Amino acid sequence: MIEIKDLYFSYDNNDNTKKWTLENINLKIKKGSHTVILGHNGSGKSTIAKLIIGLLEAKKGTIMVDGLLMNEESVYDIRDKVGIVFQNPDNQFIGASVQDDIAFGLENKCVPSNEMMPIVKEYAQKVGMEEYLNHEPSRLSGGQKQRVALAGILAMHPDIMIFDEATSMLDPTGVNEINHLIDVLQERKEVTIISITHDIDYVLKADYVIVLEKGKIIMEGLPKDIFKEAKKLSAIGLDIPLALKISNSLQEKGIEIDDYLSMKELEDKLCQLI
């Protein structure tokens, strides 16, 4: 679905002092998969998202999205295929009401007004916000705002959805709400999902993981492959999930535990053993 080859990018346009934000990036993302791009702030992961939707232009290399080469001629066709949920939901609100905001993208696509409202209601219902259609976005909680942003994107039927640190500013309830919606999307295989995050727990949900450090890919593979590199993760300030640490400790003591359980699954397993 996405293929990036030999990509270099810098925010510095001075060739004499240029420092690469992204350096020699090569990656492939399969259609219908959930890929996590993992790394700390400054690693370049959000820059990749902006390059994929054409908000930034690569200095070197190529980006292919669903068979289209990213350039001036194709950028708007590519944006029609990609939806992105940003870190701060307030940056995405345009309309005076939830209804207006979900409808915004449809209006830009010139969807007839008599067809628009059923679509708005359908996707508001899918994210559990149908009761808030006439509410002002500013009065919503962080999790509710992100759900509205997600509804507006889903209504556009994107082929690719990017969650760029979409839960980092939310409280635990909001995080759970968005994670549940991502899980539903992943189960249905309706879209290709890219989660950009510094939260190692997201690796548990992924089909594939790409780890960035200082603008370079330092690891990639299946979640089980990434978790085998605990020392390498620790060296760049990342850690394996607590549930996996406990599982590893139990296995070292001869207690059989399945690999890569979530904390809830681990709790259930421990209750069975007790």
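Here, the structure is the one placed above.
Residues numbered from 1 in each chain as written. Predicted model: local features only at pLDDT ≥ 70, side-chain atom pairs only at ≥ 80, totals over all residues. Heavy atoms only, no water.

Side note on the sheet that holds strand E4 (residues 60-65)
Here's step 1: Taken together, four strands build an open sheet; the order of strands is E2-E1-E4-E5 and the sheet is antiparallel. At either end of the open sheet lies a strand with only one pairing partner, and these are strand E2 (22-29) and strand E5 (68-69).
Here's step 2: Helix-sheet contacts for helix H1 (residues 45-52) involve strand E1 (2-9), E2 and E4, and the interaxial angle to E1 is about 115°. (Pairing = 2+ DSSP bridges. Helix = DSSP H or I, 4+ residues; strand = E, 2+ residues; numbered from the N terminus. Contact = heavy atoms within 4.5 Å. Axes fitted to C-alpha atoms, helices over the stretch in contact; angles between N-to-C directions.)

Things to note about the pattern of salt bridges
Here's step 1: In this structure the tally under the stated criterion is seven salt bridges.
Here's step 2: Put simply, Glu-3, Lys-5 and Lys-28 are held in one network by salt bridges that share partners. (Salt bridge = Lys/Arg side-chain N within 4 Å of Asp/Glu carboxyl O.)

Digging into the packing of helix H3 (residues 98-108) against helix H5 (residues 142-154)
Here's step 1: Where H3 contacts H5, the axes come no closer than 7 Å and their chain directions differ by 35°. When the axes of H3 and H5 are compared, the crossing they make is right-handed. Residues Val-98, Asp-101 and Ile-102 of H3 form the contact with H5, whose participating residues are Val-148, Ala-151 and Gly-152.
Here's step 2: Taken together, the residues of the contact of H3 with H5 break down into four nonpolar, one polar and one charged. (Left-handed = near helix turned anticlockwise from the far one by under 90°. Nonpolar A, V, L, I, M, F, W, Y, C, P; charged D, E, K, R; others polar.)

A look at the packing of aromatic side chains
Here's step 1: Summed over all chains, the structure comprises two aromatic pairs.
Here's step 2: Relative to Trp-20, the ring of Tyr-8 lies with its centre 5.1 Å away and its plane at 65°, an arrangement referred to as edge-to-face. With Tyr-8 in strand E1 and Trp-20 in the loop between E1 and E2, this residue pair connects regions lying 12 residues apart in the sequence.
Here's step 3: Where Phe-9 meets Tyr-11, the ring centres are 4.8 Å apart and the plane angle is 90°; that geometry is what we call edge-to-face.
Here's step 4: Taking relative accessible area as the criterion, Tyr-11 reaches 48% and is therefore assigned partly exposed.
Here's step 5: The aromatic ring of Tyr-8 is capped on one face by Lys-60, whose charged end is 5.1 Å from the ring centroid. (Phe/Tyr/Trp six-rings, centres within 6.5 Å; stacked < 30°, edge-to-face > 60°. Buried < 20%, exposed > 50% of the residue type's maximum accessible area, 1.4 Å probe, protein only. Lys NZ or Arg CZ within 6 Å of the ring centre and 35° of its normal.)

Things to note about the side chain of Ser-33
Here's step 1: Mapped onto the secondary structure, Ser-33 falls in the loop between E2 and strand E3 (34-38).
Here's step 2: Look at Ser-33 and you get buried, because its relative accessible area is 11%.
Here's step 3: Polar contacts involving the side chain of Ser-33 include one to the main-chain carbonyl oxygen of Lys-30, which spans 2.6 Å.
Here's step 4: Non-local contacts of Ser-33, meaning those with residues more than four positions away in its chain, are made with Val-191, Thr-192, Ile-193 and Asp-207. (Polar contact = N/O pair within 3.5 Å; in protein donor to acceptor, adjacent residues only side chain to side chain.)

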